[in-house]
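One letter stands for each residue in the lines below.
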Amino acid sequence: MTTFQRAGRDVLYNALGSLVGFFGFFVVVFTLVPGLALTVTVAATVVGLLLVTVSLRLAGLVAALHRRLLARMLGDVVPSPTPRQPGFGVLGRLDSRLRYRPGWRSVGFVLVKLPVAVLQAFTVASVICGLIDVSYPVSWLLFRQSPPGAHLGPLHTVGPLPLGMAVSSWPATLPATLIGAGYVLAGVWLARGMAMVDRRLIRGMLGPRKLDERVSELERTRALAVDDAAAALRRVERDLHDGAQMRLAALAMNLGMAQEKLDTVDDPSVRELIDAAHRNAVHALADLRDLARGIHPPALDNGLAVALESLAASSAIPATVSAHIPGSVAEGRPAPAIETIAYFCAAELIANATKHSYANQIKIEIYTERPGFLQLRICDDGIGGAEQARGSGLDGLAQRVSTVDGRIGISSPPGGPTVVTVELPLRASGEK
Amino acid sequence: MRVVIAEDAALLREGLIRLLEDRGHTVCAAVTDGGTLLAAVADHKPDVAVVDIRMPPTHTDEGIRAALTMRREFPGTGVLVFSQYIETSYSAQLLEGGAAGVGYLLKDRVANVAEFAAALERVAAGGTALDPEVVSQLFRASRRRGGIDSLTPRERQVLALMAEGRSNAGIAAELVVSGGAVEKHVASIFGKLGLPPDDSDNRRVLAVLRYLGG
């Protein structure tokens, strides 16, 4: 990029930046000031707070515009700050908007931006005026060729500073040109400086904080780890199924066939050995099946609802499943890692109920009441009194759920019923 | 008996062929996925097909889907599904259209060659062969209605064997009792559960499964 292009780019950036700056300042101030004023009155606090959230929202949009401008024109990409956690219910949503720090930082930026925008406008004005002054020798020749005797007033140089001169003859346009060139150079130099200041300001106030960046990086890698672990376990189960389990089944079958043919052999010790080998192969097959099922229940490949049905069918206490979740990933089916966590939570909770609750009936429900989240609810009509003590099964469950920022809620008054609710994000990565 | 086998693991496939041919049955075709299974069944019109559940390409439930298609399109051919796992949803789907000519066994059961062959013959003849695990799941699911609690332990054993699809003679052999004793137990069970008495094995299995499955 030539120096010339670069100068043009810097000046244009300042021109657009100051426009957005002025616009943003007025929009935000005209909503924020009445909003805050109404908030302190008793009568219209709610309206005031709503207006403040509108203002925060507008500041966020203006901030996004500034980031975009910076990325497009100067090629400096500042990532957006960490997105706001959506709140629960009307008040929760209001609260989460008001507490969203990057929103307030945007407001701060918009306010600080006003003096910056004034200076940016100044640099642009300087360059434009300078260009006009530089063009005087040409415009004199073009427009001042009036017939002799006509009396014209002198031309005045223009500029952002009050240091002008009157030009009344063509030779006098030369110093005007020099002044113009000075304005242009100063303007370009200032424009470069202001672009840098603006860039610093945007980076500092509108980008993600260091800690935020670290947190989102950790969240991302943790999600990868969770997904990886789930995929690895699934692979192990598949390898067992296609490898060891299949070979053992074939072995048991061959031993079974050998047993039948042994009826013609006289030596009873051979018969005993083959019988024992056959028994061991059958037991190993059953052990391996339990092991593989614990690693990754194959029914999960057909979806969480099907897997939970299977789980309910093998429960010692009669259990029913009601599932209201989408069947495909596009419609919002949970990620495989999340389904696995939900499945093992359900298995653990059913096992707990079987051991401690003396219940006659277990109800398993899965649904997506809150967008982006999967809810699993397990109710039993037992004696209650379940608690999340350290080292208990429920504590282990809470830890498992917390690896994806899930939540667990337990209601188990003495005398029952026990209701455990597990809430998991649909994706481990937390991207909505 | 003419058999088609669908099993993607070569070791088991070869073993099954050998096992069946040793017993004088004919294996018309041995295939490795659901699509070719249906083609082979259409070609050979076998008495029964042995179908693995997890087969290529997705390794999830190809076998079940192929079995359900077979049940619809080739009602004359028995289907014995076998798998490393018993899944309730699969047994429910298989039994939806009745219990005639249906089998669902764990792969472990091939270890007992004689029993496996007998189960396959039952399915080929239009009978039923359910794995004891399927039956115990059905028992658990039906326990809340309480009827089963009124049975004696021996009667419960007999009921489970009936649900697996065994005939009176088969039950007598399994429990090492006389045929007459089994008949007495069966009559008592039907009386206690309020089921209509029926001599046909297949209708009897159906009645028991209906009772258990609700």
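Only a predicted model underlies this, so the values are computations on that prediction, with no experimental measurement involved. (Residues numbered from 1 in each chain as written. Chains lettered and ligands numbered in written order. Predicted model: local features only at pLDDT ≥ 70, side-chain atom pairs only at ≥ 80, totals over all residues.)

Some thoughts on the overall build of chain A
If you tally the helices and strands in chain A, you get 11 helices and 7 strands. For chain A, with 432 residues in total, the buried portion stands at 34%. Counting only contacts in chain A whose residues sit at least 6 apart along the sequence, the fraction spanning at least 24 positions is 71%. (Helix = DSSP H or I, 4+ residues; strand = E, 2+ residues; numbered from the N terminus. Buried ≥ 20, exposed ≤ 12 C-beta atoms within 10 Å, placed from the backbone. Contact = placed C-beta atoms within 7 Å.)

Topic: the overall build of chain B
In terms of regular secondary structure, chain B is built from 10 helices and 6 strands. Here chain B holds 214 residues, and the buried ones make up 50% of them. Considering only residue pairs separated by 6 or more positions, chain B has 63% of its internal contacts joining residues 24 or more positions apart.

Remarks on the sheet that holds strand β1 (residues 2-6) of chain B
Residues and elements named next belong to chain B. Read across the sheet, 6 strands follow the order β2-β1-β3-β4-β5-β6 without closing on themselves; strand pairing throughout is parallel. Looking at the sheet topology across the chains shown, the edges are occupied by β2 (26-31) and β6 (128-130). Each neighbouring strand pair of the sheet contributes to a mean axis angle of 20°, computed without reference to strand direction. With 5 bridges connecting them, β1 and β2 associate as parallel partners. Each residue of the ladder has a partner; that of Val3, found in β2, is Val27. Strand contacts of helix α1 (residues 10-22): β1, β2 and β3 (48-52), with the helix running at about 170° to β2, the strand carrying the most contacts. (Pairing = 2+ DSSP bridges. Axes fitted to C-alpha atoms, helices over the stretch in contact; angles between N-to-C directions.)

Some points on the sheet that holds strand β5 (residues 373-380) of chain A
Residue and element names in this part refer to chain A. Strand order in the open sheet made by the 5 strands is β3-β4-β5-β7-β6, with mixed pairing throughout. The outermost strands of the open sheet, each flanked by one partner alone, are β3 (319-324) and β6 (407-411). Adjacent strand axes in the sheet meet at a mean angle of 10° when their direction is disregarded. Note that β6 and strand β7 (residues 418-425) share 5 bridges and pair antiparallel. Bridge pairing in β7 places Ile408 opposite Val422. Relative to β3, helix α9 (residues 304-313) is tilted by about 175°, and along the sheet it contacts β3 and β4 (362-367). Taken strand by strand, helix α10 (residues 336-356) contacts β3, β4, β5 and β7, and its axis lies near 10° from that of β5.

Here we look at the interface of chain A and chain B
Taken together, the contacts link 33 residues of chain A with 26 residues of chain B. At the level of elements, α7 (210-261), α8 (268-295) and α9 of chain A are the ones that each hand at least two residues to the side of chain A that touches chain B. Looking at the side of chain A that touches chain B, the element that brings in the most residues is α7(A), giving 15 residues. For the side of chain A that touches chain B, the per-class residue count stands at 17 nonpolar, 8 polar and 8 charged. (Nonpolar A, V, L, I, M, F, W, Y, C, P; charged D, E, K, R; others polar.)

Examining the packing of helix α4 (residues 101-134) of chain A against helix α6 (residues 173-206) of chain A
Residues and elements named next belong to chain A. It is the contact of α4 with α6, at a shortest axis distance of 7 Å, that shows an interaxial angle of 165°. Relative to α6, the element α4 lies roughly antiparallel. When the axes of α4 and α6 are compared, the crossing they make is left-handed. (Parallel < 35°, antiparallel > 145°, perpendicular 65-115°, else oblique. Left-handed = near helix turned anticlockwise from the far one by under 90°.)

Regarding the nonpolar core
Ala252(A), Ala342(A), Ala346(A) and Leu80(B) are the most contacted members of the largest nonpolar core, which totals 122 residues. The element best represented in this core is α7(A), accounting for 11 residues. Each residue touching Ala342(A), except ones within four places of it in the same chain, is listed here: Leu304(A), Ile366(A), Leu374(A), Leu376(A), Val422(A) and Leu424(A). (Core = buried A, V, L, I, M, F, W, Y, C linked by C-beta atoms within 7 Å.)

Shape is all these values report; function is a separate question.
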